[in-house]
Amino acid sequence: MPVASLLRRFRAVRVSSAIGGTVSLVEATEHGGARLHRVRIERDGQEFALIPGGQVSLGFDLHAWKPTAQQAADYAESLEQGHGHGPDLPAHLTRILSARRSVHLDTVLMAVEDENLTEPPADMPAALSGRGLRMPSSDEWEHAGGAGSDTLFLPGLRLAVARGSQASRWP
């Protein structure tokens, strides 16, 4: 096993031991055109993904992104149908997405599978805390969902937008 792989596994074991869990997966994979490493930790019958922390960039940088002609046309059509906020797609995205920023995040574990929550939403923080868990912050959620990407759409990702029998593709 290469030294880098051993170091990743060692770090994963150290984190899992600190929370009373065990490492269930350490693998390298391709995602969005980049090589990423996935670590899963099992604790009390539940599987968690290890989300590395550190200094990370989050949010949308309007100046670094330009819509394709198709994206602009699709947005214009959605405006005609009464959807959207702003005269064009960049204005819409600026309104609904967070601004580009650099933040420091701790390493966290996020549940891999959803579960049926039995407590009312107002009681959820206490219910999770009783199990040694908490809801992720908005920055932690954005970082985990982006999987290391710094683009609006992950490279190669195509979002289908239903239009009758057609679908619009967003690169």
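The structure presented is a predicted model; accordingly, all values stated were derived computationally and were not measured.

Asker: Just to check I follow, could you spell out the overall build of the protein for this structure?
Answerer: For the protein, the helix and strand inventory stands at five helices and eight strands. The order of helices and strands in the protein, counted from the N terminus, is α-β-β-β-β-α-α-β-β-α-α-β-β. When the 171 residues of the protein are sorted by exposure, 22% land in the buried category. Considering only intrachain contacts with a sequence separation of at least 6, the fraction spanning at least 24 residues in the protein is 57%. Surface accessibility of the protein: about 11400 Å² in total, with carbon and sulfur atoms responsible for 55%.

Asker: Any chance you could explain the pattern of salt bridges here in plain terms?
Answerer: Side chains carrying opposite charge are able to pair once their charged atoms draw close together. In the structure shown here, the tally under the stated rule is seven salt bridges. Across the pair R38 and E27 runs a salt bridge, and its minimum N-O distance is 2.4 Å. Placement of R38 in strand β2 (residues 34-43) and of E27 in strand β1 (residues 22-31) is noted, with a sequence separation of 11 residues between them. For R38, a relative accessible area of 39% gives the class partly exposed. A salt bridge links D139 to R101, with the shortest nitrogen-to-oxygen separation between them at 2.6 Å. Taken as a pair, D139 in helix α5 (residues 138-146) and R101 in strand β5 (residues 101-105) lie far apart in primary sequence, 38 residues in all. What makes R101 partly exposed here is its relative accessible area of 25%. When salt bridges that share partners are traced, they join R101, D139 and E142 into one network.

Asker: Any chance you could explain helix α3 (residues 89-96) here in plain terms?
Answerer: Among all positions in α3, only L89, P90, H92 and L93 are buried. All buried residues of α3 lie within an arc of 160° about the axis, which places them on one face of the element.

Asker: Looking at this model, I keep getting lost on the environment of S102. Mind explaining?
Answerer: Within the fold, S102 resides in strand β5. Note: C-alpha distance between S102 and V56 (46 residues apart in sequence) is 5.6 Å. Filtering out sequence-adjacent residues up to four positions away, S102 remains in contact with Q55, V56 and S57. A polar contact of 2.8 Å, which involves the side chain of S102, links it to the side chain of Q55.

What counts as what
Residues numbered from 1 in each chain as written. Predicted model: local features only at pLDDT ≥ 70, side-chain atom pairs only at ≥ 80, totals over all residues. Heavy atoms only, no water. Helix = DSSP H or I, 4+ residues; strand = E, 2+ residues; numbered from the N terminus. Buried < 20%, exposed > 50% of the residue type's maximum accessible area, 1.4 Å probe, protein only. Contact = heavy atoms within 4.5 Å. Areas by Shrake-Rupley, 256 points an atom, 1.4 Å probe, with all protein chains shown as cover. Salt bridge = Lys/Arg side-chain N within 4 Å of Asp/Glu carboxyl O. Arc of directions from axis to C-beta. Polar contact = N/O pair within 3.5 Å; in protein donor to acceptor, adjacent residues only side chain to side chain.

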